[in-house]
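A closer look at the structure
Below are the chains, spelled out letter by letter.
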Amino acid sequence: MKYLYYPGCSLKSTGKPYEESLKAVFSALKVPLEELRDWNCCGATAYMAVNEVKSFALSARNLALAEKQGEPAQNGMVQLVAPCSACYAGIIKTQRYLAENADIRKRVEKGLSDASLTYSGKVQIRHPLDVLINDIGFERIKEAVKSPLGARVACYYGCQIVRPYAAFDNQQAPASLDALVGAIGATPLDWPMKTRCCGGSLVGTIREVGLRLNYLILREAEKRGADLIATTCPLCQFGLECFQPEVNSSFQASVRMPVAYFTQLVGLSFAIPEKELGMQRLFVPYKKASIGG
Amino acid sequence: MSSPTARPYGPADKAGTRPALVYEVQKVMKFESELNPHFGEEVAQKAHGERLFACIQCGTCSGTCPVSHYMDYAPRRIIQMVREGFEQEVLTSSTIWLCASCYQCTVDCPKQIKLTDIMYALKQIAIARHLYPKNFGVPIMAEEFFKQVAKNGRNNEGKLMINIARRTHLLNLFKYSRLGMKLFATGRMALFEEGIENKEQLRTLLRGVEKTS
C-alpha cells in the first residue's frame, strides 16, 4: 500500500532532518511514501488566529489534492502521512469541523468548487508514529534492527499529537513512542513532561515565556539522566534544541541535551548511515554509543 | 479611596511598600453600563463554542495551563469576564496572546468547553480591531504568516523571522543572527522562497470561502 506524504513547511527547512530520516526509515522498511503534489501550508496555529474559515480552506485544498492523487487503502481511505504535529492536528481539526459544522462546510465547499476542487471526506490523516506502530508493526521493526540503540531516551510527545484529538494513543499518558523506543533497543525513561507544552512559536515571539517552557522540559530530562530527548514534532525539536544557549544564559543553567527526531533514532538502530538521517544537521550532536545494547 | 498602605498585597518594591489590594480590585471595577452585554454571545458564536455559558468556574483550565502564571487574567477569569461583557479588558489582555494552543485546558475541561477555540476567537477579534501593542510579536507573527501563505501558499520560516523582526524590533535581527547562521550552516534554512505552483487556485479558494453577505 502507498502512503501519501504531506511535509508541511517545517520539514523542508528547520525540520529537514525529520524528512530525511523519515524517508530513509520508510524506504528501509520498503513502505512507499509519495509526496503530495503542490501541497500548500496547513495554516498552523497562526492562520487560525487571523481567519478561521480560511485556515480550514487551506487544509481542505490539501485534502482535495490528496483524494485525487492517492489510492484508497483497504478501509476505503487515502492514507496521508503528516509528520509535523501542527499540520497533523490542524488537518484533523479541519476534518472534524467540516463534518460537524454545516456553515463552515458550506463555505469551504463553495471555495473548493470555485477553485475546481472536490473533497468527499475520503482521506485519513496519519502520524508516522501511528503508521510505524500500527501498520508496519513491532515485528517488522524489530527484524530490521541491526544495531540496538542502547540509550536512555526521554520520549517527548508534545501537545498536538494527542491534543485535542488522540487518534492512536492515550491522551493523558501516551505510550506509543516509549514502546517504539523500547523496540529499537533503547530504554524509555519515566518522566512527567511527555505532553507538556514546549510553547511552540512563543520562543520567537514572547521569548522569556518560550524559553522557560523549553527549560522546564530540558531540565527534567537532564535530571532523569536522559542521554537524549526523542521528539515527534519539528517545532518542539527546534525550540528544545536550537535555543539551548539562550535557555542556559536566561536560567544560569548548563543544559547540553541532544534532541533528535524519533525517526532518526529508528534509523540509527537500522544502521542507516548517519548522513542519510540528517544527524549532522543537529546543533547538539548525538553520537550513538558503539557498544550497543 | 483608602490609603495605599492599608493592606499588604503583592511583592514589595525596594522601599518596602506593597501595592494595596484596593488598586487590584479597582482595575476591573466597572459599571454595568460600561460593559458589553452581548460580548459573551458574540464570542461564543465566533468560536462555535456556545458552551461558554456552561462554565462552572472550577478553575481546571487555569490550573492546567502551562503559561497561566504569565497571564494578567488566567483562563477561568477570562471566561467569566467574557460572559460578563468586559470586552475591552479581555481583548487587550496578555492572556489571549500567551495561549500557545496546547489544548490542555480543552481536553481537561469537565464541561467540554473548547477553550482553545475561544482564545482563537478572541485573537481574531483583537487582530481585526488592531487591539494590540505596536511592537508585540504574536499578532504580528500571525499577520505576517497569514500574508505570506495567502500570497505563496507556503511559509518560508527564514523570511517570516526577518519580517517579524522588522515589525517588532530591528535589534531582534541581531539577536537571531547566531541562530540564522547556524540554521543556514546545517542546511536547515530554505533561502529561496518556495511557493506553490497553482497559486491562482489557492487564491480563488480563499476568496470563495469569504462570507458573501
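I will try to describe carefully the structure that is included in this document. (Residues numbered from 1 in each chain as written. Chains lettered and ligands numbered in written order. Predicted model: local features only at pLDDT ≥ 70, side-chain atom pairs only at ≥ 80, totals over all residues. Heavy atoms only, no water.)

1. Some points on the overall build of chain B
Tallying secondary structure elements over chain B gives 13 helices and zero strands in all. Split into buried and exposed, the 213 residues of chain B put 46% on the buried side. Partitioning the intrachain contacts of chain B with sequence separation of at least 6 by distance along the chain shows that 53% fall at a separation of at least 24. Looking at chain B as shown, the accessible area adds up to about 11400 Å², and 57% of this sits on carbon and sulfur atoms. (Helix = DSSP H or I, 4+ residues; strand = E, 2+ residues; numbered from the N terminus. Buried < 20%, exposed > 50% of the residue type's maximum accessible area, 1.4 Å probe, protein only. Contact = heavy atoms within 4.5 Å. Areas by Shrake-Rupley, 256 points an atom, 1.4 Å probe, with all protein chains shown as cover.)

2. Overview of empty space enclosed by the protein
The tally for this structure, following the rule as stated, stands at six cavities of 30 Å³ or more. Size it by volume and the largest cavity reaches roughly 910 Å³. In terms of lining residues, the largest cavity is bounded by 50 residues, among which Thr45(A), Gly200(A), Ser201(A), Leu235(A) and Met141(B) are the most central. Secondary structure elements with two or more residues in the lining of the largest cavity: helix H2 (44-50), helix H4 (85-100), helix H8 (202-205) and helix H10 (234-242) of chain A together with helix H9 (137-152) and helix H10 (157-167) of chain B. The element that contributes the greatest number of residues to the lining of the largest cavity is H10(B), accounting for five residues. Its residues placed into classes, the lining of the largest cavity shows 32 nonpolar, 16 polar and two charged. (1 Å grid on protein atoms, 1.4 Å probe; cavity = no way out; pocket = protein on both sides within 12 Å on 5 of 7 lines; lining within 4 Å. Points joined across faces, edges and corners; volume = space filled by probe spheres on them. Nonpolar A, V, L, I, M, F, W, Y, C, P; charged D, E, K, R; others polar.)

3. Quick word on the nonpolar core
Of all hydrophobic cores here, the largest spans 141 residues; its most connected members are Val153(A) and Leu122(B). If you look at the next biggest cluster of nonpolar residues, it comprises 29 residues, including Val203(A), Leu216(A), Ala226(A) and Cys233(A). (Core = buried A, V, L, I, M, F, W, Y, C linked by side-chain atoms within 4.5 Å.)

4. Some points on the sheet that holds strand E1 (residues 3-5) of chain A
All names here are of chain A. The strand order E2-E1-E3-E4 describes an open sheet built from four strands, whose pairing is parallel. Taken across any chain shown, the strands that pair with only one partner, and hence form the sheet edges, are strand E2 (33-35) and strand E4 (123-126). Between one strand axis and the next, the sheet turns through 35° on average, direction left out of account. The pairing of E1 with strand E3 (residues 78-81) spans two bridges and is classified as parallel. (Pairing = 2+ DSSP bridges. Axes fitted to C-alpha atoms, helices over the stretch in contact; angles between N-to-C directions.)

5. Examining a nonpolar patch on the surface
All names here are of chain B. Together, Ile162, Leu170, Leu171, Leu173 and Phe174 give the surface a local cluster of nonpolar side chains, amounting to about 550 Å² of exposed area. Per-element accounting of the nonpolar patch gives the leading share, three residues, to helix H11 (residues 171-175). Within the element layout of this structure, Phe174 appears in helix H11. For Phe174, a relative accessible area of 64% translates into the label exposed. (Patch = residues over 30% accessible without salt bridge, like charges linked within 9 Å, V, L, I, M, F, W, Y side chains within 5 Å. Salt bridge = Lys/Arg side-chain N within 4 Å of Asp/Glu carboxyl O.)

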